[in-house]
Amino acid sequence: MASVTSLTDLVSKQLTSALSATRPEASADPLLRRSDRADFQANGILALAKKAKANPRDLATEVVSRITTGDVIEDVEVSGPGFLNITIADRAVLENLAARYADDTGRLGVPLAEKPGITVIDYAQPNVAKEMHVGHLRSAVIGDALRGMLDFTGEKTIGRHHIGDWGTQFGMLIQYLMEHPGELAPASEVDGEQAMSNLNRVYKASRALFDADEAFKERARKRVVALQSGDKETLELWQQFVDESKVYFYSVFEKLDMEIRDDEIVGESAYNEGMPETARLLEEMGVAERSEGALVVFFDDIRGKDDKPVPLIVQKADGGFGYAASDLTAIRDRVFGLHATTLLYVVDVRQSLHFKMVFETARRAGWLNDDVTAHNMGYGTVLGADGKPFKTREGETVRLEDLLDEAVQRAAEVVREKAKDLTEEEIQERAAQVGIGAVKYADLSTSPSRDYKFDLDQMVSLNGDTSVYLQYAYARIQSILRKAGDVRPAAHPELELHEAERALGLHLDAFGDTVFEAAAEYAPHKLTAYLYQLASLYTSFYDKCPVIKPQPPQDVAENRLFLCDLTARTLTKGMALLGIRTPERL
Ligand code: ARG
């Protein structure tokens, strides 16, 4: 496979060997960064000088004398207290980019990780018989983007949609359905909207009955017991709720332009069978103990009011299992059944205490350790314009579908405004890509741990750090490529580069390194920041370096067109990893 070593890596390697040749006894990271003053700056000599008790400028001068300039590094000089300023040869930049361009695997020359692991990623986990709301957006969007980036590095990812498909509320729902058969149409006969409206109706009606009628309440309680003991008829009705809900989930995920696989929807109930074993193991190992009849785990540092320790409840005093037992059993399954090396959870930050306790319990049990680790990407809240958790005007939680529909509608206005020659059908199609892309991008471009304001006007704006801006940059390049006619993109490494071309070129080279960094840190916002900068660098390149008009010499035109095309390919790839489409025309 045609993988390309990035310029950062090439320079880093040269510097590392020059450093260790200068001071064989001490090792140091050259700390290479992109810089405004030169192409790269290396700051690592300061630390090395400290270790070696040497004068940093003298040491830097010594290191410079060991660097061979030529092919890659054109010039290196000492600056400030002992930094190195490094300039890359134009030819090296262009040859490197040409190799990326020639890679026909769609990876832009980015090599795969040498030792990939298996990450099980728990994301997009709505609850059965309940509407998806704005809170479910982030888990789906962030999870899907992390997965895209991790897959690109070569990591094997397995999705787990831990849907809420178990619990006492099913007693009420199932009992109601038994007494009112036919209220849920078979899942095969409904679309997403009908499914949700049926479920909503049943939910409301059964709730009302449950609250008003003591006898029904009692029958519902008995139904929970029947469900837990595996009564056939009860289970069949339970399955109907799950199936109907899935029809609805799929319709929302489709709107979100997200592929969800059925075999990866493994909800809470899937772990029921393993829960007694989980409890037994934890008790035998002494990780969990009996307290007031319940099986619990205590933690020194987790205390509630009156400084009383707050335990994790593995099994309730009445023998029942809950959310914690299901998550602990899921860990066993993911570690021993799926052979995960990393467990990643994309769940609201409000559940972080739950995961802290669950992970610590699993560590004490030896299911998690230094080689198999777990992380919760606890994400922040989506806020309304007033800075409070996003609600409708009536003060209700916002339905995810309504929010997506509105985004698409708003995007349609932007698309209609811009492109006067599109048919209505084309406008709708693009509006979906622009609107959903805008929602995803706005979510991904803030650090996951932070809250953000849901502001549609800003999200679909053509200016600023939005997906629409990036999509336009992409579509503009496609239009240039179409208009170029006979001039075809081709690299000409013998050419001298304009400052704006170098800046763009060096940034293009950093794509792979950026994805690896963003994936390793679970930080999709680092990739969006990269892409935004890419579009900005492209814009200033395009302003300063005419591509077709006024017509530059043929080789210059071809070379610039090549930079345009590589920019477009990098944009579309980066956006695709995040789950965002880039239409060819806008
Ligand atoms: N269904 C849960 C909710 O909506 C999220 C599940 C998170 N995943 C997990 N393994 N607990 O709150």
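Every value quoted in this text rests on a predicted model; they were computed, and no experiment measured them. (Residues numbered from 1 in each chain as written. Predicted model: local features only at pLDDT ≥ 70, side-chain atom pairs only at ≥ 80, totals over all residues.)

Regarding the sheet that holds strand E8 (residues 294-297)
Next, step 1: Pairing within the open sheet is antiparallel, and its 3 strands lie in the order E7-E8-E9. If you trace the sheet from one side to the other, it starts and ends with strand E7 (289-291) and strand E9 (312-315), each paired once. Within this sheet the neighbouring strands show an average axis-to-axis angle of 50°, counted without direction.
Next, step 2: In this sheet, E9 lies alongside E8 in antiparallel orientation, the contact comprising 3 bridges. (Pairing = 2+ DSSP bridges. Helix = DSSP H or I, 4+ residues; strand = E, 2+ residues; numbered from the N terminus. Axes fitted to C-alpha atoms, helices over the stretch in contact; angles between N-to-C directions.)

Description of the UniProt feature "short sequence motif: 'HIGH' region" (unreviewed entry) in the protein chain
Next, step 1: The sites that carry the UniProt feature "short sequence motif: 'HIGH' region" (unreviewed entry) are, in the present numbering, residues 126-136.
Next, step 2: With 18% helix and 0% strand, the stretch residues 126-136 has end C-alpha atoms that lie 7 Å from each other. (UniProt positions renumbered as here; feature names shortened; annotations may be inferred.)

Regarding the site of the ligand
Next, step 1: Near the ligand you find Asp122, Gln125, Asn127, His162, Gly164, Asp327, Tyr345 and Val347, and these make up its full shell.
Next, step 2: When its residues are assigned to classes, the shell around the ligand shows 2 nonpolar, 4 polar and 2 charged. (Near = placed C-beta within 6 Å. Nonpolar A, V, L, I, M, F, W, Y, C, P; charged D, E, K, R; others polar.)

Digging into the UniProt feature "domain: DALR anticodon binding" (unreviewed entry) in the protein chain
Next, step 1: Feature annotation in UniProt assigns "domain: DALR anticodon binding" (unreviewed entry) to the following positions: residues 470-586.
Next, step 2: For residues 470-586, helix accounts for 68% and strand for 0%, while the C-alpha atoms at its two ends are 11 Å apart.

Examining the domain arrangement of the protein chain
Next, step 1: Domain annotation of the protein chain identifies domain 1 (7-88), domain 2 (118-164 + 269-376), domain 3 (169-266) and domain 4 (381-586).
Next, step 2: The straight-line distance from the C-alpha centre of domain 1 to that of domain 2 is 46 Å. (Domains from an automatic or database assignment.)

Description of the nonpolar core
Next, step 1: By size, the foremost hydrophobic cluster in this structure holds 160 residues, and its most contacted members are Met149, Val314, Val346, Ala411, Ala438 and Val515.
Next, step 2: With near-sequence residues (within four places) excluded, Val314 lies in contact with Ala279, Leu282, Ala288, Leu295, Val296, Val297, Ala324, Ala325 and Leu328. (Core = buried A, V, L, I, M, F, W, Y, C linked by C-beta atoms within 7 Å. Buried ≥ 20, exposed ≤ 12 C-beta atoms within 10 Å, placed from the backbone. Contact = placed C-beta atoms within 7 Å.)

Focus: helix H20 (residues 554-577)
Next, step 1: Taking 1.5 Å per residue as the helical rise, H20 with its 24 residues ought to reach 34 Å, and the 35 Å between its terminal C-alpha atoms agrees with that figure.
Next, step 2: Downstream of H20 by a residue or two, Gly579 has a phi angle that is positive, lying close to 85°. (Expected span 1.5 Å × (residues − 1).)

Overview of the confidence of the model for the protein chain
Next, step 1: Looking at the protein chain as a whole, its pLDDT mean stands at 95, while 100% of the residues score no less than 70.
Next, step 2: Under the prediction, the complex receives an ipTM of 0.98, its pTM being 0.96. (pLDDT = per-residue confidence, 0-100.)

Some remarks on the pairing of E8
Next, step 1: Sheet topology note: the E7/E8 ladder contains 3 bridges and is antiparallel. From the neighbouring strand, Ser291 faces E8, where its bridge partner is Ala294.
Next, step 2: Linking E7 back to E8 in an antiparallel pair, the connection comprises 2 residues, with Glu292 at a positive phi of about 50°.

A few points about the packing of helix H13 (residues 400-418) against helix H14 (residues 424-444)
Next, step 1: It is the contact of H13 with H14, at a shortest axis distance of 7 Å, that shows an interaxial angle of 120°. On the basis of their axis angle, the class for H13 and H14 is oblique. Pair H13 / H14 crosses with right-handed handedness. Residue-level inspection shows Leu404, Ala407, Val408, Arg410, Ala411, Ala412, Val414, Val415 and Arg416 of H13 in contact with H14, the latter providing Ile427, Gln428, Arg430, Ala431, Ala432, Val434, Gly435, Ile436, Ala438 and Val439. (Parallel < 35°, antiparallel > 145°, perpendicular 65-115°, else oblique. Left-handed = near helix turned anticlockwise from the far one by under 90°.)

A closer look at the packing of helix H1 (residues 7-22) against helix H3 (residues 56-65)
Next, step 1: Close contact between H1 and H3 brings their axes to 9 Å; oriented N to C, the two are set at 115°. As H1 runs across H3, the sense of the crossing is right-handed. Within the contact between the two elements, H1 uses Ala18, Leu19 and Thr22 and H3 uses Leu59, Glu62 and Val63.
Next, step 2: Per-class residue counts for the contact of H1 with H3 are 4 nonpolar, 1 polar and 1 charged.

What to know about the sheet that holds strand E2 (residues 40-42)
Next, step 1: With respect to topology, 4 strands assemble into an open sheet ordered E1-E2-E4-E3, the strand pairing being antiparallel. Taken across any chain shown, the strands that pair with only one partner, and hence form the sheet edges, are strand E1 (32-34) and strand E3 (73-79). This sheet shows a mean twist of 25° between the axes of neighbouring strands, independent of strand direction.
Next, step 2: In the sheet, E3 pairs with strand E4 (residues 83-88) via 6 bridges, with the strands oriented antiparallel. Paired with Asp75 across the strands is Thr87, a residue of E4.
Next, step 3: The strands touched by H1 are E1, E2, E3 and E4; relative to E1, the strand with the most contacts, the crossing angle is about 145°.

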